[in-house]
Amino acid sequence: MRVLLHIDDAETWREALVERLPDAEIVTSDAPAEARRDVDYLAVWKPPAELLREQTRLKGIVNLGAGVDALLGNPGLPAGVPIVKLRDAGMSDLIGDYVRYGVLHFQRDFDRYRRQQAHREWREHAVTDKGDWPVGVLGLGAIGAKVAETIAADGFPVHGWSRTPKSLEAITCHHGDDGLVALLGRVRTLVLLLPDTRETRHLIDAEALGALPEGASLINPGRGTLIDEQALLEALGEGEREGRLRGALLDAFAEEPLPADSPLWSHPRIWITPHMAGPTPLSAALDQVADTLRAFEAGEPVATVDPDAGY
Ligand code: NDP
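Reference entry: report on the structure contained in this document. As the structure is a computational prediction, the values presented were derived from the model and not from experiment. (Residues numbered from 1 in each chain as written. Predicted model: local features only at pLDDT ≥ 70, side-chain atom pairs only at ≥ 80, totals over all residues. Heavy atoms only, no water.)

**Thoughts on the pattern of salt bridges**
Where we set the bar: Here, a salt bridge means any side-chain nitrogen of Lys or Arg that lies within 4 Å of a carboxyl oxygen of Asp or Glu. Every helix listed is a DSSP run of H or I at least four residues long, and every strand listed is a run of E at least two residues long, numbered separately from the N terminus. The buried label applies to any residue whose accessible area, calculated with a 1.4 Å probe on protein chains only, is under 20% of its type's maximum; exposed applies above 50%, and partly exposed to all values in between.
Using the criterion set out here, one finds 20 salt bridges in the structure. Notably, a salt bridge pairs Arg2 with Glu25, separated by 3.2 Å at the nearest N-O pair. Pair noted here: Arg2 is in strand E1 (residues 2–6) and Glu25 is in strand E2 (residues 25–28), with a separation of 23 residues, a long-range link. Accessibility expressed as a relative area gives 41% for Glu25, which makes it partly exposed. When salt bridges that share partners are traced, they join Asp109, Asp111, Arg112, Arg115, Glu242 and Arg246 into one network.

Dropping the structure here:
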């Protein structure tokens, strides 16, 4: 089989993939045009549209990340070619740590202590018991379900939300519109691990933020498009005056890199990280890519992306 790789540091990926698939011919996207064309499979992260358009006999595409929004929105994407995305591949451990940090940040009042430090104010806050700090996780997929379980294992009551009904030990599972309203009304920290789709875009708008209890906090390692930024800023309040929402830890943004003139940068109750919550661990990802390509070639069933659902 012939495979074309497109990702930063493609040569490192190529060498590691050759070890796993010694019989495959694997080329990187900086190869001359004739070597790039007519491959059987693409293994890509945010490829240029031209790279997709120039293929004539593609049998499958492996998306080298968990989010497929960029690929599905690529104008060069051919219709009908099966797409497989990375499933967890170690990202859930990293995102679990990120979310754990964020939940503790608010539950143990680090945001308030930071503000007090600016005024040299020595004042201790009573600790809210973890059992009285329900956490909501929107998205119970390969990553969301594991993150929810990590937070539950830490002692927080966890409510999860998905499109289809789910049953997960230690998680109170909700689905559908009513399920979302029930979840929002009772969580002190809301975590977003949904994909970017037609249905999820701006899901966290003024109404959703207004449904959260007073003083709730938000953590978004999912996608920036999930949040209506203007509504977020309004919910956070201005200057020293806290709004309904106490603070937000944000890793993903509608436009990345976040533009220098974005008001999010300077807001006192927003913490910004540059899409670093879940970098793809190379070795586990390569194992998945090799397994997927082998399964494609053998005609075995593979879990493919549903382009209509958008994830
Ligand atoms: P999956 O595709 O495995 O799961 C998506 C989850 O979202 C599923 O539980 C699905 O429900 C749910 N969902 C989708 N649409 C809706 C909807 N309309 N209403 C309710 N629930 C919905 O994704 P992953 O868990 O692998 O990843 C989640 C997201 O994390 C990715 O899309 C990506 O945006 C982000 N990510 C961020 C990284 C970072 O570094 N910040 C790194 C990796 C991923 P159902 O179970 O019913 O299908």
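There's plenty left to go through after this.
**Describing the site of the ligand**
Under the convention used in this document: Whether a residue is near a molecule or strand is decided by its heavy atoms; if any one of them lies within 4 Å of it, the residue is near. Counted as a polar contact is a pair of N or O atoms within 3.5 Å, where, for protein atoms, one must be capable of donating a hydrogen and the other of accepting one, and residues adjacent in sequence contribute only when both atoms are in side chains. Note on areas: Shrake-Rupley with a 1.4 Å probe; residue coverage comes only from the protein chains shown. Amino acid classes used here: Ala, Val, Leu, Ile, Met, Phe, Trp, Tyr, Cys and Pro are nonpolar; Asp, Glu, Lys and Arg are charged; the rest, including Gly, are polar.
As a matter of local geometry, the ligand sits amid 28 residues, with Lys85, Ile143, Thr164, Lys166 and Tyr311 nearest to it. Arg163 places a polar main-chain atom, nitrogen or oxygen, 3.0 Å from a nitrogen atom of the ligand. In this structure, Glu199 approaches the ligand through a side-chain N or O atom, which is 3.0 Å from a nitrogen atom. Burial of the ligand by the protein chains amounts to 94% of its free accessible area of 940 Å². Breaking the shell around the ligand down by element, the ones donating at least two residues are helix H5 (91–107) and strand E7 (158–162). A class-by-class count of the residues in the shell around the ligand yields 13 nonpolar, nine polar and six charged.

**Concerning empty space enclosed by the protein**
The gaps left among the atoms become clear once a water-sized probe is rolled over them. Applicable threshold: Site definitions follow a grid-based scheme: protein atoms alone, a 1 Å grid, a 1.4 Å probe that fits but cannot get out for cavities, and for pockets an open set with protein on both sides within 12 Å along at least five of seven lines, plus lining residues having an atom within 4 Å of a point. Grid points are joined across faces, edges and corners, and a volume is the space filled by probe spheres set on the points.
Summed over the entire model, instances satisfying the criterion amount to one cavity of 30 Å³ or more. Each pocket or cavity is described by its volume, and for the largest cavity that value is around 50 Å³. If you trace the largest cavity, you find it lined by Asn220, Gly224, Ile227, Glu229, Leu232, Leu250, Ala252, Phe253 and Leu264. When the residues that make up the lining of the largest cavity are grouped by side-chain class, the tally is six nonpolar, two polar and one charged.

**Description of the layout of surface pockets**
In this structure, the second largest pocket encloses a volume near 150 Å³. The set of elements that each furnish at least two residues to the lining of the second largest pocket consists of helix H8 (176–184) and helix H9 (206–211). Here the element with the most residues in the lining of the second largest pocket is H8; it accounts for four residues. Split by residue class, the lining of the second largest pocket holds six nonpolar, no polar and three charged.

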